[in-house]
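One-letter residues, chain by chain:
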Amino acid sequence: MNSLANDLSRLSASSRRYLAARHRLFIGGEFVDSVAQDEISVIDPTSGEQVARVPAGGEADIDRAVTAARKAFDSGPWPRLTGPQRERMLLRLADLLETAAEEVSQIESVNSGRTLVATKAFDVDLSVDYLRYMAGWATKIHGQTMNPSVPYLPGGKFFAMTVREPVGVVGAITPWNVPLGQAIWKVAPALAAGCTIVLKPAEQTPLTALRFAQVVAEAGIPEGVVNVVTGYGETAGAALVAHPGVEKISFTGSTGVGRSIGAAAAQQLKRFTLELGGKSPMVVMGDADLDIAIPGTAMGIFANHGQNCCAGSRLFVHDSVYEKVIDGIARIARNLKLGPALSPDTDMGPLISKAQQQRVLEYIRSGVADGARVVAGGNELPGPGAYVQPTILTDVRPSMNCVREEIFGPVLAATRFRELGEVIERANETTFGLGASVWTQNLDLAHWFIRQFKAGTVWINTHGVLDLAVPFGGIKQSGIGHELGGEAINHHTTLKSVLASLREPR
Ligand code: NAI
Ligand code: MG
């Protein structure tokens, strides 16, 4: 057996049973067959082997799911429950997901190629916490009161307030890099706000969304509130965006697809939030604490195999510490043990697919052809797994594809700088604006960077840390709107203004 492939006998009996099961769509509170007969082959990226099959849902399935979500929103109990009632249901969902943690994490690791430590932390534990965090919001959604003056109606007395109402049926489309984690980022605020939802997970990683649907059924969430339709983007995804029964689209994925989704949603004046790509800079100043900056920037790019929208894929190091920092990161890169997701000694698994592996290798090749130097990694591993070594490119120029475009793999493009004005100009020289970090011990410098970076999130002496309570979103080509924090509630509610004319009691 190929030692780089997962040993599936490590899986629990329940995980193996789940993979082997016949998977169906989850619509209106039931697992149902797809109207379309097509199936998607779900691949273990460590081996290229099929581990499960799921329905390739199409337009008719999406229509059924939206109709179920529509009915649940228009006449079902969910939006009419009190805050404490929805809170209790979300807490129940969290408890049941926590109970299923081992199985969900194993399924996610086999399907996405990420270690059990990673899938447990980011797809399970963070999702459990986010469901609990959003359960708390369910009781805290409210408008404001105002004191209107209405100057053109002298003598009139008015009272005014705003109320926040659920936006309606949400269509959620998620990517493969943190499959369940991303799905729960969409499900939790929708449910807290009283919305209903149709979720279309990425075709590469549909399994944990369907496993979560079992948790939804077990928790007793009313039928039609959460629906899961697996399928391809161009068919199921596009049908969800186009469906007139959907009030809001919540999308995470590539900038190109996000742009077309935004355009399609705008045609119907649907609301939309887009969390898209990035090419986030990390700046290491000469005074940085290198004991923190070296491992921190290494993880800024290599965490999740570089398959992170906020990956720190461009590094700028001050001339005075450049050699030391690059050597340090290169040492970490060479020591990261590539291997199958299920092996306990693996640090980094494969990329999501052979296609993604080839895409990433092509960026490395084109960089090298344009004059970049490989100081660590640079290659695939032999065999059917989608492995790419953690790679560092130096001698890069701003015009190179590997510096301009999102690679979504473990590839760092590093350069040195001398002047502050020079580094901020180069850091901001990107069409993206998701994240940016600076590593320094100088408070004034840190605050200067906070103001200067053109990015949705700025990190100081860390990179890529996200928290449930902190809104996350991009500017420029990195997206529109925010996920996480109270902003997620705002994006799932609409504001209704109320003005009342007051008279003296008679
Ligand atoms: P993608 O943007 O095509 O896929 C993301 C999701 O959108 C999937 O669920 C897919 O089925 C769906 N989708 C695709 N086309 C659609 C359409 N026309 N209408 C509606 N939904 C559609 O991303 P892909 O092709 O998997 O990855 C390509 C590149 O995109 C990556 O290499 C990376 O650079 C970027 N990407 C960025 C992500 C992020 O978190 N910012 C996540 C995934 C990919
Ligand atoms: Mg695509």
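Source: prediction; values computed, not measured.

Conventions used here
Residues numbered from 1 in each chain as written. Chains lettered and ligands numbered in written order. Predicted model: local features only at pLDDT ≥ 70, side-chain atom pairs only at ≥ 80, totals over all residues. Heavy atoms only, no water. Near = heavy atom within 4 Å. Polar contact = N/O pair within 3.5 Å; in protein donor to acceptor, adjacent residues only side chain to side chain. Areas by Shrake-Rupley, 256 points an atom, 1.4 Å probe, with all protein chains shown as cover. Helix = DSSP H or I, 4+ residues; strand = E, 2+ residues; numbered from the N terminus. Buried < 20%, exposed > 50% of the residue type's maximum accessible area, 1.4 Å probe, protein only. Pairing = 2+ DSSP bridges. Expected span 1.5 Å × (residues − 1). Contact = heavy atoms within 4.5 Å. Axes fitted to C-alpha atoms, helices over the stretch in contact; angles between N-to-C directions. Parallel < 35°, antiparallel > 145°, perpendicular 65-115°, else oblique. Nonpolar A, V, L, I, M, F, W, Y, C, P; charged D, E, K, R; others polar. Left-handed = near helix turned anticlockwise from the far one by under 90°.

So, the site of ligand 1
Thinking step 1. Residues in contact with ligand 1 amount to 27 residues; listed here are only the nearest, W176, K200, E203, S254 and R359.
Thinking step 2. G233 is positioned with one of its backbone polar atoms (N or O) 3.1 Å from an oxygen atom of ligand 1.
Thinking step 3. Take E406: an N or O atom from its side chain is 2.8 Å from an oxygen atom of ligand 1.
Thinking step 4. Isolated, ligand 1 exposes 810 Å² of accessible area, and the fraction of that covered by the protein chains is 87%.
Thinking step 5. When contributions to the shell around ligand 1 are tallied by element, the ones reaching two or more residues are α8 (233-242), β10 (248-252), α9 (255-267) and α12 (354-369).
Thinking step 6. Per element, the largest residue contribution to the shell around ligand 1 is 4 residues, and it comes from α8.

A word on the pairing of strand β8 (residues 196-200)
Thinking step 1. Of all 5 residues that make up β8, 5 are buried, and the element is covered over most of its length.
Thinking step 2. Going residue by residue along β8, you find T196, V198 and K200 tucked away on one face and I197 and L199 tucked away on the opposite face as well.
Thinking step 3. Where strand β7 (residues 169-173) lies against β8, 5 bridges are found, and the strand directions are parallel. Paired with A172 across the bridge in β8 is L199.

Describing α12
Thinking step 1. Spanning 16 residues, α12 covers 22 Å between terminal C-alpha atoms, matching the ideal 22 Å at 1.5 Å per step.
Thinking step 2. Buried within α12 we find Q356, Q357, V360, L361, Y363, I364, S366 and G367.
Thinking step 3. Each element contacted by the buried residues of α12 is listed here: β15 (391-394), α13 (401-404) and β16 (411-417).
Thinking step 4. G371 lies just past α12 and shows a positive phi near 110°.

Observations concerning the packing of helix α3 (residues 83-99) against helix α5 (residues 116-137)
Thinking step 1. Here α3 crosses α5 at 170°, and the two axes come no closer than 8 Å. Classified by the interaxial angle, the pair formed by α3 and α5 is roughly antiparallel. The segment α3 lies against α5, with E87, L90, L91, L93, A94, D95, L97 and E98 engaging V124, S127, V128, L131, R132, M134, A135 and G136.
Thinking step 2. Its residues placed into classes, the contact of α3 with α5 shows 10 nonpolar, 2 polar and 4 charged.

Quick notes on the side chain of T255
Thinking step 1. Turning to its location among the elements, T255 is positioned in helix α9.
Thinking step 2. A distance of 3.1 Å separates a polar atom in the side chain of T255 from the backbone oxygen of Q477.
Thinking step 3. Once you skip the residues sitting within four places of it in the chain, T255 turns out to touch L276, G277, F432 and Q477.

Thoughts on the packing of helix α14 (residues 420-427) against helix α15 (residues 443-452)
Relative placement of two packed helices is described by the angle separating their axes and the distance separating the axes.
Thinking step 1. It is at 11 Å that the axes of α14 and α15 come closest, and there the two elements cross at 35°. The interaxial crossing formed by α14 with α15 has right-handed handedness. Facing L420, V423 and I424 of α14, the residues of α15 in contact are L445, W448, F449 and Q452.

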